[in-house]
Amino acid sequence: MTDAGENRRHVEEGVTRDLRGRRTYASYLDLERLLSAQHPLSDPEHHDELLFIIQHQTSELWMRLIIHELDEVLARLAADDLGPAQKGLSRVKQIQRQLFEQWAVLATLTPSEYVKFRDVLGPASGFQSLQYRIIEFQLGNKNREMLTVFRHDETAHARLREVLEAPSLYDEFLRHLARRDYAIPADCVERDFTEPHRRREDLLPVFKAIYDAPKRDWEAYEMCEELVDVEESFQLWRFRHMKTVERIIGHKRGTGGSSGVGFLRAALDLTFFPELLDVRTEIGR
Ligand code: HEM
Ligand SMILES: N[C@@H](CC(=O)c1ccccc1NC=O)C(=O)O
């Protein structure tokens, strides 16, 4: 209840106040560690470096959750359990939306502010994000070359190699469809999973059949659309990263050593589920 006119809420008798030795908000969430993990390096400290750090740390936290969810989606697909797999992808999509919207916060960092602390970053770059690379691999953008960046960190290297060697989301979906007697080419079911999926004509009839008669296999149809959503959201993130980078550093080279914006733009040509987009041209024909 609020005290009339006082604009103050009375703290109820029942509210737990003696928390000595008990599990608390801070202890459960390990906030002491979380909130002491921001270490601006500029000296004197530049006001905006904290924004830069927190933008990245929150992105990494959401990526941690995406990986966790995609691991489950991959397992559910392998078990032909499409319902839970779809539920997982719906959550992934919402996290992707969050990551996309977050760019608006960083876009308040001006080029003049960023140059004042950019040099403290040394050769550090988002290119070295292990979790980002894991997600790309889970979604199917396999590239063995990416491992080389993690040679200095044996644990990270081993973890990324494991994901490189495992079937991707698309692989698992195609394998699932094969078990449901769709005409999936044998070399899509068993293949060298360290290679990216390459666009192939012979998958088009499979998806055309699904899209031409949605009611015949609604689950498969829904899953196709979920995958297209996830790909689109991923591309939107890439695009917004590229545009944010462009407005902050223009066409300077990246701290990671790449050409910068041009290198980021090239990633927009990568595709996870090419036939799911290609099939659209065929529908109704
Ligand atoms: C001022 C802000 C930012 C700038 C200027 C910037 C710039 C760049 C550049 C130039 C690259 C290419 C690699 C290089 O040579 O360094 C890159 C890659 C990357 N950045 Fe950023 N970035 C910014 C913010 C972020 C944020 C907030 C994230 C979120 C985690 C992020 C994640 C990545 C990732 C994952 C890559 C690798 C992309 C790929 O391989 O296609 N960046 N960034
Ligand atoms: N590559 C960026 C630096 C950068 O953005 C960055 C540096 C350290 C940790 C994360 C970063 N974010 C994304 O690339 C640049 O060239 O300015």
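Definitions and cut-offs
Residues numbered from 1 in each chain as written. Chains lettered and ligands numbered in written order. Predicted model: local features only at pLDDT ≥ 70, side-chain atom pairs only at ≥ 80, totals over all residues. Heavy atoms only, no water. Patch = residues over 30% accessible without salt bridge, like charges linked within 9 Å, V, L, I, M, F, W, Y side chains within 5 Å. Areas by Shrake-Rupley, 256 points an atom, 1.4 Å probe, with all protein chains shown as cover. Salt bridge = Lys/Arg side-chain N within 4 Å of Asp/Glu carboxyl O. Helix = DSSP H or I, 4+ residues; strand = E, 2+ residues; numbered from the N terminus. Buried < 20%, exposed > 50% of the residue type's maximum accessible area, 1.4 Å probe, protein only. Near = heavy atom within 4 Å. Polar contact = N/O pair within 3.5 Å; in protein donor to acceptor, adjacent residues only side chain to side chain. Nonpolar A, V, L, I, M, F, W, Y, C, P; charged D, E, K, R; others polar. UniProt positions renumbered as here; feature names shortened; annotations may be inferred. Contact = heavy atoms within 4.5 Å. 1 Å grid on protein atoms, 1.4 Å probe; cavity = no way out; pocket = protein on both sides within 12 Å on 5 of 7 lines; lining within 4 Å. Points joined across faces, edges and corners; volume = space filled by probe spheres on them.

Draft legend 1. Geometry of a nonpolar patch on the surface. Nonpolar side chains collect at one region of the surface, where Y25, Y28 and L29 lie side by side and expose about 410 Å² of accessible area between them. Within the secondary structure layout, Y28 lies in helix α1 (residues 25-29). Given a relative accessible area of 62%, Y28 falls into the exposed group.

Draft legend 2. Examining the site of ligand 2 more closely. Around ligand 2 sit F52, H56, Y114, R118, L121, A124, S125, G126, G254 and T255, and those are all the residues in its vicinity. At a separation of 2.6 Å, a nitrogen atom of ligand 2 approaches a polar side-chain atom of H56. Between R118 and ligand 2, the recorded distance is 2.7 Å, taken from a side-chain N or O atom to an oxygen atom. Within the shell around ligand 2, the residues separate by chemical class into four nonpolar, five polar and one charged.

Draft legend 3. Spotlight on the UniProt feature "binding site: heme" (unreviewed entry) in the chain. When the UniProt feature table is mapped to this numbering, "binding site: heme" (unreviewed entry) covers H241. Inspection of the secondary structure puts H241 in helix α12 (residues 218-249). Setting aside residues up to four positions removed in sequence, H241 forms contacts with W103 and L264.

Draft legend 4. Spatial organisation of empty space enclosed by the protein. In the structure shown here, the tally under the stated rule is one cavity of 30 Å³ or more. The calculated volume of the largest cavity comes to roughly 150 Å³. In this structure, the largest cavity is lined by S59, M63, I66, V92, Q96, L99, Y132, I135, S233, F234 and W237. Contributing elements (two or more residues each) for the lining of the largest cavity: α3 (49-78), α4 (82-101), α7 (130-139) and α12. Looking at the lining of the largest cavity residue by residue, the class counts come to eight nonpolar, three polar and no charged.

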